[in-house]
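# An overview of the molecular structure
So you can see what is in the structure, the chains are spelled out below.
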Amino acid sequence: MKAGDVHPPTGDPVNGPVDSAVDSAADSAADSAADAAGEPGLDRLALTVERLRREVERARRDADDRALVEMAKGVLIERLRCRPVQAAEQLALLAAKAGVSQLELAADVVREIADDRIGEAGRDDPDVAIRLRAAESAALGAGDIQSVALSLLEHALTPLGATAVAIWAAAPGAALTLAGYAGFGEEEARRWRHVPPGVITPAGRALVERRMVWHTDPGLPAIGRQTAAGGRVTVPITARGRVTGVLEIGWPHTLPPRPPRIERQIEALAELCAHTLDAPFAPLTTAAPTVSEIVDLADALPDPALVLRAEPDAYGDVADFRIRHVNERLTRGDGLLLEAYPLVAEGLLLEAYPRAAGGLFARIEHVHATGEPFRAERMPLGLSTTGVADVSATRHGDVVLLVWRDHDQDARLAGLLEHAQRLGRIGGFEENPITGQITWNAQLYSLYGMTPGDRPIPLERLRDHAHPDDEIAIGRFLRTVLHHRRLAATAFRLERPDGVARHMRVVAEPVFGPDGRLMAVRGAYQDISSQHWTEVALSVTRDQLAHTEQQSAERNRLALQLQQAIMPPSHGRIDSLGLRIAVRYRPAQKEHLVGGDWYDAVALPSNRVLLSVGDVAGHGVEAATGMVILRNALRGLATTGAGPAQLMAWLNLVAHHLADRMTATAVCGLYDPPTRVLRWARAGHLPPILLRAGGGSELPMVKGPLLGAFTDAHYEEGELQLQVEDTLLLYTDGLIERRDHNLRHAQDRLLAIAKRTAATLDHRLDDLLTHCNSDTDDDTCLIGVHLS
């Protein structure tokens with residue numbers, strides 16, 4: 001068979017005569033049925049065709065069963081040293097004693113002697129064992145891999161619900177060739193005859209990953225996506241530690257995740273396929289080179305090379321690699337650690353180079369298993385004299401060719417220097433004043449916008465290629481280097497031949513010989529255009545920032561002056577109408593955080609007392625202006641005689657319409673001295689605190705949204721009967737806010753501090769300012785009201 005050919009089966013040596021006879025009869029009946037179309041006996045002929053086809057299937061199954069029984073007889077003949085007739089009698093006698101059929105007993109006999117995965121898969125299920133042994137018998141007797149695929153589908157996979165199977169042969173470079181298939185159309189198989197390297201398919205994943213893979217991604221390109229659109233599994237076919245192919249099986253429906261029973265059967269079938277792919281009819285895209293050809297190739301290479309063959313362990317897995325050949329570069333001692341060389345010839349890789357047990361061995365094993373080449377630059381390598389090398393590993397038949405090229409230390413340093421010059425946009429030069437020879441490196445040609453074939457520009461002609469405004473600086477630089485013969489540097493604008501202007505910096509120094517004569521001038525150019533424009537942008541930004549800071553400082557000073565002009569004295573005290581009122585205001589420490597906190601305590605014409613605190617959102621002039629508007633508006637509205645809830649509703653309209661949509665929180669209270677009743681309302685503000693008889697509590701949280709949020713806001717009103725010696729505290733959140741605690745925690749701490757004993761009201765307020773350790777640096781307002 002030609003390499004890569006896939007064709008239908010040509011015959012079965014076990015049941016071929018039976019199949020041929022029955023198939024001929026069925027085909028004859030089918031022809032007769034076609035000739036009799038329209039005749040009264042058409043139905044009768046159709047039934048005859050169906051009956052003959054069932055007989056074909058039954059004959060095939062019987063033939064497979066007989067093959068399994070004959071295999072068991074052969075085992076008994078070899079073990080018991082008896083004749084075939086006696087083996088048959090012994091098999092029948094043992095089956096009768098065990099109470100099982102001869103077929104089941106035959107499967108057990110073969111399983112015990114084979115000790116393979118087919119036996120393990122069918123150990124607990126006789127039906128599975130019979131099916132797998134029947135598939136094995138048919139596959140081993142098949143004439144080509146196409147027949148093997150048909151046998152697997154018919155005997156082992158159809159009972160599992162699978163509808164399609166493909167057997168792939170691994171080709172060099174991790175490519176795949178379709179060796180056999182069943183359940184797919186011929187046109188589909190033709191299109192998938194070869195899968196080149198790099199194409200990601202379900203079978204390709206199993207080849208590269210070297211494990212069974214259950215596929216659920218319907219978008220992955222695969223053979224027969226319409227025929228087997230449900231579950232799909234691919235498993236590598238491995239022989240002597242090398243992946244020789246992939247078995248791919250498809251179902252029309254989804255499967256439960258990784259069913260162990262099916263996995264064991266699939267692994268057994270993959271092991272069976274490994275024997276068939278090793279058979280003479282296995283397809284090959286190209287003839288694998290012989291070991292002698294690989295040895296000749298290794299000797300022809302100018303770099304150190306090893307020819308390795310896998311050394312399997314007792315289970316057939318790769319334990320090490322036998323060094324079959326070392327090329328002449330190594331036998332001469334080039335590129336090899338000499339103390340390790342005596343262990344090389346026909347030795348094991350890990351014995352000769354134990355340090356290969358790390359990443360190198362795993363990569364060689366992967367190349368040997370999958371055929372996928374491996375290449376790496378500047379890889380740490382213990383085999384190399386320098387410790388770093390470019391490494392290549394490729395599989396050729398059963399051997400792996402390992403080649404590496406040492407990185408010379410000087411070459412590495414030169415490469416690093418070249419890389420650094422390219423990143424730093426630096427070009428170097430040397431001028432010989434004796435011979436006139438000028439040497440530029442490639443980067444300097446690039447900086448000048450020239451090609452390496454152009455004539456270098458002498459240092460003394462630098463003025464001709466610079467901006468005229470830089471002539472004085474360049475003249476001073478050249479005089480220092482060429483006349484005074486000292487190290488010098490300068491910056492200038494280079495005008496390149498292509499019309500591009502670049503900002504450059506040049507540094508040069510003279511080099512003297514032992515007799516003091518000038519031998520050379522060496523130096524470097526650096527393109528500092530990015531740095532120059534960055535400095536320009538930074539200077540502009542610095543000027544803009546200074547101007548912005550000055551404007552901000554002026555605005556903050558204005559806000560502070562406005563706040564100080566409007567607010568009452570921060571240590572003021574009012575004693576009237578039976579009340580002692582003390583206030584505290586603590587501004588923000590930083591001027592740019594000057595806010596809109598306000599407080600007010602005033603006796604109204606109605607002989608009631610207005611108490612209020614508030615906090616406008618934001619900082620600066622806008623917040624201070626909003627504070628003035630709301631505080632004065634509340635004072636004016638309070639003279640109408642309206643209650644606190646109505647005052648909050650009107651103040652909300654002021655905030656919403658008249659003050660550029662500002663938002664604020666506030667609490668407002670009206671105290672009536674004759675009755676000692678306090679009526680109060682709040683707009684999103686923290687409730688006041690009442691201290692009475694050594695205890696303390698917050699007033700009820702009456703409803704009321706913050707000012708300026710809604711046009712039709714509704715505010716509730718609370719009422720409190722005060723008693724002699726009661727103390728009422730109103731405050732803004734700047735007194736208690738902390739970044740590391742929530743607001744409830746801060747309120748509880750404030751209440752605990754407020755309950756402490758204080759000699760006077762002023763002492764109490766000062767104590768609160770001292771020990772309520774807020775950390776937001778916000779404005780703070782605090783009012784204390786004591787009934788004397």
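Note that the structure is a prediction, hence the values are computed from the model and not measured. Think of each chain on its own: its residues are numbered from 1, step by step along the sequence as written. With pLDDT at 70 or above as the cut-off, local features in this predicted model cover only qualifying residues; side-chain atom pairs require 80 or more to be listed or tallied, and sums for whole chains, interfaces and linings still use all residues. Processing note: side-chain calculations cover all non-hydrogen atoms of the structure and skip hydrogens and water entirely.

## Observations concerning the overall build of the protein chain
The line we're drawing: Going along the chain from the N terminus, every DSSP run of H or I of four or more residues is numbered as a helix, and every run of E of two or more is numbered as a strand. Buried residues are those whose accessible area, probed at 1.4 Å on protein chains only, stays under 20% of the maximum for their type, while exposed residues exceed 50% and partly exposed ones sit between those limits. Here the accessible surface of atoms and residues is derived via Shrake-Rupley with a 1.4 Å probe, and residues count as covered only by protein chains that are part of the display.
A tally of regular secondary structure across the protein chain gives 22 helices and 27 strands. Residues classed as buried in the protein chain amount to 45% of the 788 residues present. As displayed, the protein chain offers around 39,600 Å² of accessible surface, 52% of which is attributable to carbon and sulfur atoms.

## Section: the packing of helix 7 (residues 145-157) against helix 10 (residues 260-277)
The test is simple: All axes are obtained by fitting lines to C-alpha atoms, using only the stretch in contact for helices, and the reported angles, taken between N-to-C directions, cover 0 to 180 degrees. Throughout, the term roughly parallel applies to angles under 35 degrees, roughly antiparallel to angles over 145, roughly perpendicular to angles from 65 to 115, and oblique to all others. Handedness of each helix crossing follows the sense of rotation of the near helix against the far helix: counterclockwise by less than a right angle gives left-handed, clockwise gives right-handed. Contacts are assigned to residue pairs that have any heavy atoms within 4.5 Å of one another. Residue type decides the class: Asp, Glu, Lys and Arg count as charged, Ala, Val, Leu, Ile, Met, Phe, Trp, Tyr, Cys and Pro as nonpolar, and the leftover types, Gly among them, as polar.
In contact at an axis separation of 11 Å, helix 7 and helix 10 are set at 165° when each is read in the N-to-C sense. Compared by their axis directions, helix 7 and helix 10 come out roughly antiparallel. Handedness of the helix 7/helix 10 crossing: right-handed. Counted together, Ile 145, Val 148, Leu 152, Ala 156 and Leu 157 of helix 7 and Leu 269, Leu 272, Cys 273, Thr 276 and Leu 277 of helix 10 form the full contact between these two elements. When its residues are assigned to classes, the contact of helix 7 with helix 10 shows 9 nonpolar, 1 polar and no charged.

## Some details on the sheet that holds strand 6 (residues 242-250)
The following threshold applies: Here the rule is simple: two strands pair whenever DSSP picks up at least two bridges between them.
Strands sit in the order 3-2-1-6-5-4 across an open sheet of 6 strands; the sheet is antiparallel. This sheet does not close on itself; its edge strands, each paired only once, are strand 3 (194-195) and strand 4 (213-215). Two elements, strand 1 (residues 164-171) and strand 6, share 6 bridges in a ladder whose sense is antiparallel. Within strand 6, the residue paired with Trp 168 across the bridge is Val 246. Running over the sheet, helix 7 touches strand 1, strand 2 (175-182) and strand 6 and is turned about 60° from strand 2.

## Some thoughts on the nonpolar core
Put simply, the test is: Only buried residues count toward a nonpolar core. Its members are Ala, Val, Leu, Ile, Met, Phe, Trp, Tyr and Cys residues joined through side-chain atoms within 4.5 Å.
Leu 152, Leu 157, Ile 167, Leu 247, Ile 249, Trp 251 and Ile 266 are the most contacted members of the largest nonpolar core, which totals 34 residues. Elements represented by at least two residues in this core include exactly helix 6 (126-140), helix 7, strand 1, strand 2, strand 5 (232-239), strand 6 and helix 10. Excluding anything up to four places from it in sequence, Ile 266 contacts Met 212, Trp 214, Val 233, Val 235, Leu 247, Ile 249 and Trp 251. The next biggest cluster of nonpolar side chains, apart from the first, holds 28 residues, and it includes Leu 610, Met 627, Ala 713 and Tyr 715.

## Topic: the environment of Arg 425
Relative to the helices and strands, Arg 425 resides in the loop between helix 15 (409-424) and strand 12 (426-431). Accessibility expressed as a relative area gives 35% for Arg 425, which makes it partly exposed. Discounting residues that sit within four places of it in the chain, Arg 425 has contacts with Gln 443, Leu 447, Arg 502, Tyr 525, Gln 526 and Asp 527.

## Topic: the pairing of strand 7 (residues 305-312)
Here 5 bridges tie strand 7 to strand 11 (residues 399-406), and the two strands are oriented antiparallel to one another. The residue bridging Arg 309 from the neighbouring strand is Val 399, located in strand 11. Here strand 7 pairs with strand 8 (residues 318-326) via 7 bridges, running antiparallel. Its bridge partner lying in strand 8, Pro 312 is registered against Val 318. Where strand 7 folds back onto strand 8 in an antiparallel hairpin, the turn is made up of 5 residues, including Gly 316, whose phi is positive at roughly 90°.

## Describing the packing of aromatic side chains
Formally: Between rings of Phe, Tyr and Trp, where Trp is taken as its six-membered ring, a pair exists when centres lie within 6.5 Å; planes separated by under 30 degrees are stacked, by over 60 edge-to-face, and by other angles tilted.
In total, this model carries 8 aromatic pairs according to the counting rule given. Between Tyr 448 and Tyr 525, the ring centres sit 5.5 Å apart and the planes meet at 85°, which makes this aromatic pair edge-to-face. Of the two residues, Tyr 448 sits in helix 16 (residues 442-448) while Tyr 525 sits in strand 16 (residues 518-527), which places them 77 residues apart along the sequence. With respect to burial, Tyr 448 and Tyr 525 carry one shared label: buried. Ring geometry for Tyr 585 and Tyr 599: centres 6.5 Å apart, planes at 35°, overall tilted. Separated by 14 residues along the polypeptide, Tyr 585 in strand 18 (residues 579-586) and Tyr 599 in strand 19 (residues 595-603) bring together distant segments of the chain.

## Some details on the environment of Leu 735
As for its placement among the helices and strands, Leu 735 is situated in the loop between strand 26 (727-731) and helix 21 (743-754). Residues Leu 735 and Tyr 585, spaced 150 residues apart in sequence, show a C-alpha to C-alpha distance of 10.0 Å.

## Concerning the pattern of salt bridges
Put simply, the rule is: For salt bridges, the criterion is a side-chain nitrogen of Lys or Arg within 4 Å of an Asp or Glu carboxyl oxygen.
If you walk through the whole model with that rule in mind, you get 21 salt bridges. The partner of Asp 464 in a salt bridge is Arg 461, and the shortest N-O contact between them spans 3.2 Å. Each of the salt bridges in this network shares a partner with another, and the network as a whole consists of Arg 205, Glu 209 and Arg 211.

## Structural notes on the side chain of Asp 470
Within the secondary structure layout, Asp 470 lies in the loop between helix 16 and helix 17 (471-483). A relative accessible area of 10% means that Asp 470 is categorised as buried. Setting aside residues up to four positions removed in sequence, Asp 470 forms contacts with Phe 492 and Arg 493.

## Topic: the packing of helix 21 against helix 22 (residues 761-771)
Where helix 21 meets helix 22, the closest approach of the two axes is 10 Å, and the angle between their N-to-C directions is 145°. Crossing of helix 21 over helix 22 shows right-handed handedness. Across the interface between the two elements, Arg 749, Leu 750, Ile 753 and Ala 754 from helix 21 touch Arg 764, Asp 767, Leu 768 and His 771 from helix 22.

## Some remarks on the pairing of strand 1
Burial of strand 1 is extensive: 8 of the 8 residues sit out of reach of the surface. Side chains of strand 1 alternate between two faces, with Ala 164, Ala 166, Trp 168 and Ala 170 and Val 165, Ile 167, Ala 169 and Ala 171 buried alike. What sits between the antiparallel neighbours strand 1 and strand 2 is a turn of 3 residues, in which Gly 173 has the positive phi angle 80°.

## Describing the sheet that holds strand 14 (residues 488-495)
Pairing between the strands of a sheet comes from backbone hydrogen bonds, and it takes one of two forms, parallel or antiparallel. Taken together, the 5 strands give an open sheet; going across it, the order is 13-12-16-15-14, and neighbouring strands pair in antiparallel fashion. The two strands at the open ends of the sheet, each matched to only one other strand, are strand 13 (438-440) and strand 14. Neighbouring strand axes in the sheet, compared pairwise and without regard to direction, differ in orientation by 25° on average. Pairing analysis gives 6 bridges linking strand 12 to strand 16, with the strands arranged antiparallel. Residue pairing across strands places Glu 430 opposite Arg 522, the latter belonging to strand 16. Seen against the sheet, helix 17 touches strand 14, strand 15 (501-512) and strand 16 and runs at an angle of roughly 135° to strand 14.

## Quick notes on empty space enclosed by the protein
Where empty space is left becomes clear once a probe the size of a water molecule has been rolled over the atoms. Quick reminder of the rule: The way it works is a 1 Å grid over only the protein atoms, where trapped points that fit a 1.4 Å probe form a cavity and open points with protein on both sides within 12 Å along at least five of seven lines form a pocket, and then any residue with an atom within 4 Å of a point lines it. Grid points are joined across faces, edges and corners, and a volume is the space filled by probe spheres set on the points.
In this structure the tally under the stated criterion is 2 cavities of 30 Å³ or more. Computed from the structure, the largest cavity encloses a volume of approximately 40 Å³. Residues that form the lining of the largest cavity fall into these classes: 8 nonpolar, 1 polar and 1 charged. Considered as a void within the structure, the second largest cavity measures approximately 30 Å³ in volume. If you go around the second largest cavity, the residues you meet are Val 667, Cys 668, Gly 669, Leu 678, Trp 680, Pro 688, Leu 728 and Leu 730. Those elements that provide at least two residues to the lining of the second largest cavity are strand 21 (664-672), strand 22 (677-683) and strand 26. Among the residues making up the lining of the second largest cavity, the classes are represented as 7 nonpolar, 1 polar and no charged.

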